[in-house]
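This is what each chain is made of:
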Amino acid sequence: MIREFLYKYYIDPIRYGEAYTLVDTLTYALILIVAVYLVYRGLQRYRIAVDGELVLATLPFVVLGGLLRVVEDTGMITSDLRFLLITPLIFFTIFAIAAIALFTGKLAENAGLVARYSRVYGGAGIVACLLSGAALVWFGLTESTIALDVLAIILVLATVTSVAFWAFLVYVLKWDYASNILYKLLIFGHLLDASATSYGIDIHPIQYVEQHVVGGALIEATGTAFSMFLLKIAVLLPAIYVLELYRREGNSGLWHLILLAMIVVGMAPGIRGLMRMVLHV
């Protein structure tokens, strides 16, 4: 019975690329919350400040997660190693790569080899992104296509909606703190995801589908994937407000980590959706 449950809700969805269910969605959400706390305590133990520098240096690994997910989508990797690039296992894969780069950077800083650990840490993420991006470009040129018009449309849509939402927060609600670069990245990451999902389902010649439970239910209820923008705004609006209240209570470290986690769950799938549609995979 337990074996059947595990296969039905956790193993088979990874193996066969099935849509998420309420059970695995809640499970992964719980794992994310616990992981954020454990990472926070680990960083404290090794005296690595959880601040804006750490978050910004981690962003290349967020992008890397989206790119590597598309590498798996293309079928370039045919061995069982490809399962390491499928959600949710890819989170552990990226975490391992980022952790190695982070502590390597910290050791280099302690040894006086670099001024700041973030140069090694963030630099390693950028190099990994360039290599992954080059592999995808090569695939597009030799096996598929590179739709630059799709790239432009989705990026413009994400940029315009992000600027509009940010302007609403700052000029209408008078939330000046929304101009913080991390809040801007949070907004852009989630609206990039909404833009890619909307375009992919309603406009793209390949009929993509929404795999997440809440998003899929909303799209089915409204009849359009553009309703994803409403969902994102409904989440971002109270989230930014509550996050700012939390930050003002003096919990800067955990605030940065929670904000990073929220950026990850928006930007990484947004990058994946964008690149899949550009490459038609």
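In what follows, the structure referred to is the one given above.
Below is a short write-up of the structure. On a predicted model such as this, the values are computed, not experimentally measured, just so you know.

## Focus: the overall build of the chain
At step 1: Secondary structure assignment for the chain yields 10 helices and 0 strands.
At step 2: For the chain, the N- to C-terminal ordering of α and β elements is α-α-α-α-α-α-α-α-α-α.
At step 3: Computed over the C-alpha atoms, the radius of gyration of the chain is 19 Å, within 12% of the 19 Å expected from 2.2 N^0.38 for a compact globule of 281 residues.
At step 4: Overall, the chain is about 50 × 50 × 45 Å in size when its C-alpha atoms are taken along their principal axes.
At step 5: Here the chain holds 281 residues, and 44% of them are scored as buried.
At step 6: Within the chain, one finds 18 positive and 19 negative side-chain charges whose respective centroids are separated by 9 Å.

## Remarks on the packing of helix 6 (residues 148-172) against helix 10 (residues 252-279)
At step 1: At a minimum axis distance of 8 Å, the contact between helix 6 and helix 10 shows a crossing angle of 150°. Our classification of the angle between helix 6 and helix 10 gives roughly antiparallel. By crossing handedness, the relation of helix 6 to helix 10 is classed as right-handed. Contact residues: helix 6 offers Val150, Leu151, Ile154 and Leu155, while helix 10 offers Leu274, Met277 and Val278.
At step 2: The residue makeup of the contact of helix 6 with helix 10, split by class, is 7 nonpolar, no polar and no charged.

## Looking at the side chain of Lys232
At step 1: Counting through the fold element by element, Lys232 comes out in helix 9 (residues 228-248).
At step 2: In this structure the side chain of Lys232 is engaged in a polar contact, spanning 3.2 Å, whose partner is the side chain of His190.
At step 3: Sequence-distant contacts of Lys232, that is, excluding residues within four places in its chain, are made with His190, Leu191, Asp193 and Ala194.

## What about a nonpolar patch on the surface?
At step 1: A surface patch of nonpolar side chains, amounting to about 400 Å² of accessible area, comprises Leu30, Val34, Tyr37 and Leu38.
At step 2: When you line up the elements, Val34 lands in helix 2 (residues 22-45).

## Focus on helix 5 (residues 117-142)
At step 1: For helix 5, which comprises 26 residues, the first-to-last C-alpha distance of 38 Å matches the rise-based estimate of 38 Å (1.5 Å per residue) to within 8%.
At step 2: Among all positions of helix 5, only Tyr117, Ser118, Tyr121, Gly122, Gly125, Ala128, Cys129, Ser132, Gly133, Leu136, Phe139 and Gly140 are buried.
At step 3: Packing partners of the buried residues in helix 5 comprise helix 3 (52-74), helix 4 (89-110) and helix 10.

## A closer look at the nonpolar core
At step 1: Formed by 76 residues in total, the largest nonpolar core has its most connected members in Tyr121, Ile154, Leu186, Ile240 and Leu259.
At step 2: If you list the elements that add at least two residues to this core, you get helix 2, helix 3, helix 4, helix 5, helix 6, helix 7 (181-202), helix 9 and helix 10.
At step 3: Beyond its immediate chain neighbours, meaning those up to four positions away, Tyr121 contacts Leu54, Ala57, Thr58, Phe61, Ala98, Ala101 and Leu102.

About the cut-offs
- Residues numbered from 1 in each chain as written.
- Predicted model: local features only at pLDDT ≥ 70, side-chain atom pairs only at ≥ 80, totals over all residues.
- Heavy atoms only, no water.
- Helix = DSSP H or I, 4+ residues; strand = E, 2+ residues; numbered from the N terminus.
- Rg over C-alpha atoms; globule rule 2.2 N^0.38 Å.
- Buried < 20%, exposed > 50% of the residue type's maximum accessible area, 1.4 Å probe, protein only.
- Lys, Arg positive; Asp, Glu negative; His and termini not counted.
- Charge placed at Lys NZ, Arg CZ, Asp CG, Glu CD.
- Axes fitted to C-alpha atoms, helices over the stretch in contact; angles between N-to-C directions.
- Parallel < 35°, antiparallel > 145°, perpendicular 65-115°, else oblique.
- Left-handed = near helix turned anticlockwise from the far one by under 90°.
- Contact = heavy atoms within 4.5 Å.
- Nonpolar A, V, L, I, M, F, W, Y, C, P; charged D, E, K, R; others polar.
- Polar contact = N/O pair within 3.5 Å; in protein donor to acceptor, adjacent residues only side chain to side chain.
- Patch = residues over 30% accessible without salt bridge, like charges linked within 9 Å, V, L, I, M, F, W, Y side chains within 5 Å.
- Areas by Shrake-Rupley, 256 points an atom, 1.4 Å probe, with all protein chains shown as cover.
- Salt bridge = Lys/Arg side-chain N within 4 Å of Asp/Glu carboxyl O.
- Expected span 1.5 Å × (residues − 1).
- Core = buried A, V, L, I, M, F, W, Y, C linked by side-chain atoms within 4.5 Å.

Treat this as a map of the structure, not an account of what it does.
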